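# Inside the fold
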Amino acid sequence: MSYPLIQGRNFNSELYNRALSSAYRIWTRLYDPDYALSREPDVWEKMRRDATITQSVDTRLHLVAGRNWHLEPFRDEEGDRKVAGIIKDIISHIRNFTEARYELAQAIFRARAYAYIEGKPETRTFGDGKARTWWVPYRLRDVDRRRIRYRPEHGVDKEGNETISVIQEMWSVSKMQYEPFDKADQFVKMVYRNEEARLGYGRGLLDSMYFYWWMKSIVWREGLQGLERWSQGILIGKIDSYREGSTAKSNESVRDDLYESLHAMRSRHVIVVGKEDEIDVKEGGMAGHEMVMNFIKYMDEKLIALILGSTIPFGGGSGGGSYARAKVEESTTNALVQFDRDKLDESVTDDLIGLIWKLNYKNFVKMGCGDARPPKFRTQPDKRDDPQAAASIIAQLSAIGLPLKKEEVYEKIGFSQPSEGDEVFEGKPTEPVEIPGLPI
């Protein structure tokens, strides 16, 4: 007897395809699929009130945004190097540039971040010293991601086929309505993990952080409610259940009266009862307290690992762990930070430097740099070098005749470069010591 083959069927992909088509066809806008934001509209502000989350988030954002930066010429050619120097001077006029990049880096958690580039034409002498009208940015103003939305727009092509395009709209505070995102080229935009299923809204770490934050808030609430029981214990009053209080009073009435009396007296830290009444005090113990603290510690460690990629290098983890494990986790964190730093640098390069290049292109042409390419923005890691090791490397590179940038040399050894008019200490080079039998 033969049996038919049983073939499994999986319709998950079909469900996704239908849902994706419906998102672009049925609704008048593409809704943000962010789960945490749908559950709690102000979830980001509430999360930042948690000390562990705030410390971890700030650490990662500071590592990503960094303090030092430079512009890397697109090619090793004179025109590209000249353009990089001019644009660096232009960017140096932006106020609070470090904080602006910190705000943009929040896209790591919030999926998207926007900064409006405020600037104006000014007469400057960048480059060759000749006065020209340059467009100079002076501020990157943060714009909340909730003001930007995506909307499908339906149309028909020349052959009569239906077309669907997506346009961005921005909420106008003054007009109290959404308007087309006409000045999109004047924004620095950072969208983190822009997957198709996220409909252009990106995917940040906020959704994953939300569940641990939500569970932690519940544990905190239960722990605070149990604090009184654990610290004061439980007061037990005993009555004779076989003896009636009186003809008009039942055992339940006697019990309730005793409860009210003990509750009132305990609040005054004094208890007075009759000789025939029996009172017992059960200590609360530490079992409940330890359970709550262990849950909170577990969730804090998971949040730190989620946000920073590791726990041991930042003081987390049970028992400290081994040095080898700490080095491995530190490498994991460095890889995450470098990826995010590259993502931020790409956004600044494409939007900020791209706008400066476009609006000042005529000046670059007049200076003979029309064939040059705009530079790339690079954030330098804020890592302290060992001055002694740095000096040794600098001496070796100088010995083989490799040219070094003086500004970077001073930065490596931890000293500031003296400017004109500074009183300087001039050391004398060490005289070679002649040793018999050895050449000098």
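Residues numbered from 1 in each chain as written. Predicted model: local features only at pLDDT ≥ 70, side-chain atom pairs only at ≥ 80, totals over all residues. Heavy atoms only, no water.

A few words on the nonpolar core. Counting residues in each nonpolar core, the largest one holds 59 residues, and the members touching the most others are I91, I108, F109, L140, M209 and L352. When residues in this core are grouped by element, the largest group, 8 residues, is from helix α11 (residues 323-359). Those residues in contact with M209 that sit more than four places away from it in its chain are M47, I53, V57, F109, L303, L306 and I307. With 15 residues, the next largest nonpolar core counts L20, V143, Y150 and M170 among its residues. (Core = buried A, V, L, I, M, F, W, Y, C linked by side-chain atoms within 4.5 Å. Buried < 20%, exposed > 50% of the residue type's maximum accessible area, 1.4 Å probe, protein only. Helix = DSSP H or I, 4+ residues; strand = E, 2+ residues; numbered from the N terminus. Contact = heavy atoms within 4.5 Å.)

Residues Y35, F211, W214 and M215 make up a contiguous nonpolar surface patch of about 390 Å² in total accessible area. A total of 3 residues in the nonpolar patch trace back to one element, the largest contributor, which is helix α8 (residues 206-232). Position of W214 among the secondary structure elements: in helix α8. Of the residues examined, W214 reaches a relative accessible area of 42% and is grouped as partly exposed. (Patch = residues over 30% accessible without salt bridge, like charges linked within 9 Å, V, L, I, M, F, W, Y side chains within 5 Å. Areas by Shrake-Rupley, 256 points an atom, 1.4 Å probe, with all protein chains shown as cover. Salt bridge = Lys/Arg side-chain N within 4 Å of Asp/Glu carboxyl O.)

Considering all chains together, one arrives at 19 aromatic pairs under this definition. Residues F97 and F377 carry aromatic rings whose centres are separated by 5.8 Å and whose planes lie at 90° to one another, so their mutual orientation is edge-to-face. Here the residue F97 occupies a position in helix α6 (residues 97-104), and F377 occupies one in strand β10 (residues 376-380), the gap between them amounting to 280 residues. As far as the burial class goes, F97 and F377 line up, both buried. In textbook terms, an aromatic cluster arises when at least three aromatic residues are bridged by ring pairs, as seen for F126, W134, W357, Y361 and F364. K120 extends its terminal NZ or CZ atom over the ring of Y138, reaching a point 5.8 Å from the ring centre. (Phe/Tyr/Trp six-rings, centres within 6.5 Å; stacked < 30°, edge-to-face > 60°. Lys NZ or Arg CZ within 6 Å of the ring centre and 35° of its normal.)

On to the pattern of salt bridges, then. If charged atoms from side chains of opposite charge come close, those side chains can pair. For the coordinates displayed, the defined rule picks out 27 salt bridges. Residue R25 is joined to E162 by a salt bridge in which the shortest nitrogen-to-oxygen separation is 3.1 Å. Taken together, the residues span a long stretch of sequence, with R25 in helix α1 (residues 12-25) and E162 in strand β5 (residues 162-172) at a distance of 137 residues. Residue E162 is classed as partly exposed on the basis of its relative accessible area, which comes to 46%. E118 is the salt-bridge partner of R139, the closest N and O atoms lying 3.8 Å from each other. Taken together, the positions of R139 in strand β3 (residues 132-143) and E118 in strand β2 (residues 112-124) put the pair 21 residues apart, joining distant regions of the chain. By relative accessible area, which is 36% here, R139 ends up partly exposed. Through salt bridges with shared partners, a single ionic network connects D32, D34, R112 and R145.

Looking now at the packing of helix α4 (residues 51-65) against α6. Interaxial distance between α4 and α6 falls to 9 Å at its minimum, and their mutual angle equals 120°. Overall, the two elements α4 and α6 adopt an arrangement that is oblique. Relative to α6, α4 is oriented so that their crossing is right-handed. Note on element contacts: α6 touches α4 through T98, R101 and Y102, opposite D58, L61, H62 and A65. Its residues assigned to classes, the contact of α4 with α6 shows 3 nonpolar, 2 polar and 2 charged. (Axes fitted to C-alpha atoms, helices over the stretch in contact; angles between N-to-C directions. Parallel < 35°, antiparallel > 145°, perpendicular 65-115°, else oblique. Left-handed = near helix turned anticlockwise from the far one by under 90°. Nonpolar A, V, L, I, M, F, W, Y, C, P; charged D, E, K, R; others polar.)

With antiparallel pairing, 3 strands are arranged side by side in an open sheet as β3-β2-β7. Single-partner strands in this sheet number two, and they are β3 and β7 (187-191). Recorded for the sheet is a direction-independent mean angle of 25° between the axes of neighbouring strands. Across 11 bridges, β2 lies against β3 in antiparallel orientation. Pairing of Y114 across the sheet is with V143, part of β3. Against the sheet, α6 touches β2, β3 and β7, its axis set at about 150° to β2. (Pairing = 2+ DSSP bridges.)

Let's shift gears to α4. Along an α-helix, residues three or four apart share an orientation, since each turn contains 3.6 residues. The end-to-end C-alpha distance of α4 is 21 Å, a good match for the 21 Å that 15 residues give at a rise of 1.5 Å each. Burial in α4 covers these residues: T52, I53, T54, S56, V57, D58, R60, L61, V64 and A65. Capping the start of α4 is the job of one residue whose side-chain oxygen sits 3.0 Å from the backbone nitrogen of T52: D50. Once α4 finishes, G66 follows within two positions and takes phi at roughly 65°, a positive value. (Expected span 1.5 Å × (residues − 1). Polar contact = N/O pair within 3.5 Å; in protein donor to acceptor, adjacent residues only side chain to side chain.)

If you walk across this open sheet you meet the 3 strands as β4-β5-β6, and the pairing is antiparallel. Both edges of this open sheet fall to β4 (148-156) and β6 (177-180), since each of them pairs with a single strand only. Neighbour-to-neighbour, the strand axes of this sheet turn through a mean angle of 45°, independent of strand direction. Where β4 lies against β5, 9 bridges are found, and the strand directions are antiparallel. Bridge pairing links Y150 to Q168 in β5. Packing against the sheet, α1 makes contact with β4 and β5, and its axis sits at approximately 60° to β5.

Here the focus is the environment of Y361. Topologically, Y361 is positioned in helix α12 (residues 361-366). The exposure class of Y361 is partly exposed, given its relative accessible area of 35%. Residues Y361 and W134 lie 227 residues apart in sequence; the distance between their C-alpha atoms is 9.6 Å. Looking at Y361, its side chain comes within polar contact range of the main-chain oxygen of G370, at 3.1 Å.

All right, on to the confidence of the model for the chain then. Per-residue pLDDT for the chain averages 82, and the proportion of residues at 70 or more is 72%. Within the model, the stretch residues 322-326 combines pLDDT values under 50 with 4 contacts to residues more than four positions away or in other chains. (pLDDT = per-residue confidence, 0-100.)

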